[in-house]
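Chain by chain, the residues:
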Amino acid sequence: MNPKIMISTILAALLAAGTVSAEGLLHLSWKPDYDAVKYDVTFSRRDQGKMEGTWKTTAYMSDMLLPESGQFKDLQELYWQEKPLDFDGYPIGMESRPRSLESSVTPVSRNAPLPRQDRSGERGGALLYPVYSYVGNPGASSYEIEVLSAYPENMEGTAHSMYHIGGGDFLYTDFYDDTPRFGTWYWRVRGKDEEGNPVGQWSLPQKRQFSTEGYTIGLYGDSITHGGGRMSYGPNDLEYSYGHYLDFDTINLGDSGNTSHDMVERFDRDVLPFHLKYLLILGGSNSLRGGVPAEEVIRDLQEIQQKCRDHGIVPILLTLPPINPSSIDKVFHEPTAEGWEEAFRKVNAFIRTQPHIDTAAAFLYDNLMPEHLALDGLHGDVEAKKRMADMINRHIGEFVK
């Protein structure tokens, strides 16, 4: 299964059936626990200090939209608590104290998914392949994303804009754009029910801008470079990007799901427009775990190196971090090819004969990534991405003058 789907945010459990009333929505958020996969959220109703009832739901991110009706109509009587959980549903921290729901929510007048903050201006946030993240609205079981070349002329209704240039239907709440975007564009999203009928309206459009100018160092690779981790977090959650922890600015040219051959094929289109001086290259993990011979991956890396040199770019290979087939199978239900360990060793042995930074040396676990560093066995979580960035920060001066 494509990692673009597997590392996407899973939509939160629905809190109310059907569409919400015209009264609008309530946005509830809390401080994220980056070791959590999901949260147990408990709501309670109190009358004159006495508990009158509780109900629970599961959230896969640290915020959610609630209907301003039904169970949530009388906010002054409601309290809420959240508890971080691991992949198997076990608590990994203490449940928060009861807090007033009325003082914790922000009213949202539009019955639509809520786009999350655009973090593309932060360090490590400039993505050639953008990811659009949003909080799902109650009653929606899937979503339609629309990418636009200009601000839409139709803010009401559910029809596409005359500026429609991309998008599609999606089940989850991190949509991976498969088209590299340049210049200025917009995106918006609306909910759909199980029959595909509209739930509410389009969200307010979010503006995005991206320029090919001003970048010296690029990051080139697959989903390990693109970002995301802990199953519920995508590339917009920069805490799961090693680029976020570097001491210097970069352009992220990663594309989730890439094989080393994919990286060769898209090099001219995706790398050359930026006129880079240096390229950090991390690729081959998907190929090797899928059974591609190490020799073929090495040939792909050599071709990328040569393409760089042909265009005045200094190629800097990164050794492949370890993986964990048991964790990959547990989360993705995907097998890993036999002989993967020897294949990884061969590729890393080659890389260590070239101009490189040894990111794999940050993981001294005999080529097996422990679960606490990569829940899904492939995409390093926060600590793993920090370790990779630390190795790069320590050695980048050997190349960049």
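Predicted model only: the values in this text are computed from it and were never measured. (Residues numbered from 1 in each chain as written. Predicted model: local features only at pLDDT ≥ 70, side-chain atom pairs only at ≥ 80, totals over all residues. Heavy atoms only, no water.)

Scanning the protein chain from terminus to terminus reveals 9 helices and 20 strands. Here the C-alpha radius of gyration of the protein chain, 22 Å, is about what a compact globule of 401 residues would show, namely 21 Å. Taken along the three principal axes of its C-alpha coordinates, the protein chain extends 70 × 50 × 40 Å. Across the 401 residues in the protein chain, those meeting the buried criterion constitute 57%. Sequence separation of at least 24 residues holds for 76% of the intrachain contacts in the protein chain that already meet a minimum separation of 6. Surface accessibility of the protein chain: about 16,500 Å² in total, with carbon and sulfur atoms responsible for 48%. (Helix = DSSP H or I, 4+ residues; strand = E, 2+ residues; numbered from the N terminus. Rg over C-alpha atoms; globule rule 2.2 N^0.38 Å. Buried < 20%, exposed > 50% of the residue type's maximum accessible area, 1.4 Å probe, protein only. Contact = heavy atoms within 4.5 Å. Areas by Shrake-Rupley, 256 points an atom, 1.4 Å probe, with all protein chains shown as cover.)

Spatially, β17-β16-β18-β19-β20 is the arrangement adopted by the 5 strands of the open sheet, whose pairing is parallel. If you trace the sheet from one side to the other, it starts and ends with β17 (251–252) and β20 (356–357), each paired once. (Pairing = 2+ DSSP bridges.)

Below, the discussion takes up the pairing of strand β4 (residues 63–67). Most of β4 is tucked away: 5 of the 5 residues are buried. Here β4 shows a buried face lined by D63, L65 and P67 and a second buried face lined by M64 and L66. Strand direction decides the pairing type here: strand β1 (residues 25–29) and β4, joined by 5 bridges, are antiparallel. What sits directly across from H27, in β4, is L65.

Turning our eyes to something else, we now look at the environment of V199. Along the chain, the position of V199 falls in strand β14 (residues 198–199). Overall, the relative accessible area of 2% leaves V199 in the buried class. With 59 residues separating them in the primary sequence, V199 and A140 have C-alpha atoms 6.1 Å apart.

In this section: unusual backbone geometry. Backbone geometry places R230, a non-glycine residue, at a positive phi of 50°. Relative to the elements of secondary structure, R230 occurs in the loop between α2 (223–226) and β17. You will see that H275, though not glycine, has its phi angle at about 50°, which is positive. As for its position among the elements, H275 is in the loop between α4 (267–270) and β18 (278–282).

Now for the sheet that holds strand β12 (residues 174–176). Reading across from one edge, β8-β9-β12 is the order of the 3 strands in this open sheet, with antiparallel pairing throughout. The open sheet has two free edges, formed respectively by β8 (114–115) and β12, since each of these has just one partner strand.

Don't take any of this as a statement about function, it's just geometry.
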